[in-house]
Amino acid sequence: MNKDNTLVLFKNDKKETDKHPDLRGQGQVNGKEYWLSAWKNVSQEGKGYIKISLELKDSIKNPDGKQIDKDLDLPF
């Protein structure tokens, strides 16, 4: 799919609220695939920046919302 250690982002045409990311995409880091979400923000000093969130594609979340790698032994 992607070249290792590269990420791509595209404009999120499905954004409906401010909580939805401005940009969405995917990438590969050290051989693992990730979903990307990014928000355009402005700091208190008035400087623009982008906040990026990564979510491992092959992970599941435990009841606390933390990611668990599906390749690890699960307690159930």
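This text goes with the structure placed above it.
Quick notes on the rules
- Throughout, a residue's number is its position along its own chain's written sequence, starting from 1.
- With the structure being a predicted model, the display of local features is reserved for residues of pLDDT at least 70 and the display and counting of side-chain atom pairs for 80 or more, all residues being used for whole-chain, interface and lining totals.
- Only hydrogens and water are set aside when side-chain values are computed; all heavy atoms of the structure are taken into account.
- Strands are runs of DSSP state E lasting at least two residues, helices are runs of H or I lasting at least four, and both sets are numbered from the N terminus onward.
- Only heavy atoms enter the contact rule, under which two residues are in contact if any of them lie within 4.5 Å.
- The working definition used for a salt bridge is a side-chain nitrogen of Lys or Arg within 4 Å of a carboxyl oxygen of Asp or Glu.
- Partly exposed residues are those whose accessible area sits between 20% and 50% of the maximum for their type, while under 20% is buried and over 50% is exposed, using a 1.4 Å probe and protein chains only.

Draft legend 1. Representation of the environment of Tyr-49. Looking at where Tyr-49 falls in the secondary structure, it is placed in strand E4 (residues 48-56). The sequence separation of Tyr-49 and Trp-39 amounts to 10 residues, and the corresponding C-alpha distance is 8.5 Å. Setting aside residues up to four positions removed in sequence, Tyr-49 forms contacts with Trp-39, Lys-40, Asn-41, Val-42 and Ser-43.

Draft legend 2. Representation of unusual backbone geometry in the model. Positive phi values are uncommon outside glycine, yet Asn-5 reaches one of about 65 degrees. Note that Asn-5 resides in the segment before strand E1 (6-11). Phi angles above zero are rare outside glycine, and Asn-30 is one such case at about 50 degrees.

Draft legend 3. Geometry of the pattern of salt bridges. Counting across every chain of the model gives two salt bridges. The partner of Glu-33 in a salt bridge is Lys-57, and the shortest N-O contact between them spans 3.8 Å. Residue Glu-33 is found in strand E3 (residues 32-42), and its partner Lys-57 is found in the loop between E4 and strand E5 (59-61); the two are separated by 24 residues along the sequence. Look at Lys-57 and you get partly exposed, because its relative accessible area is 23%.

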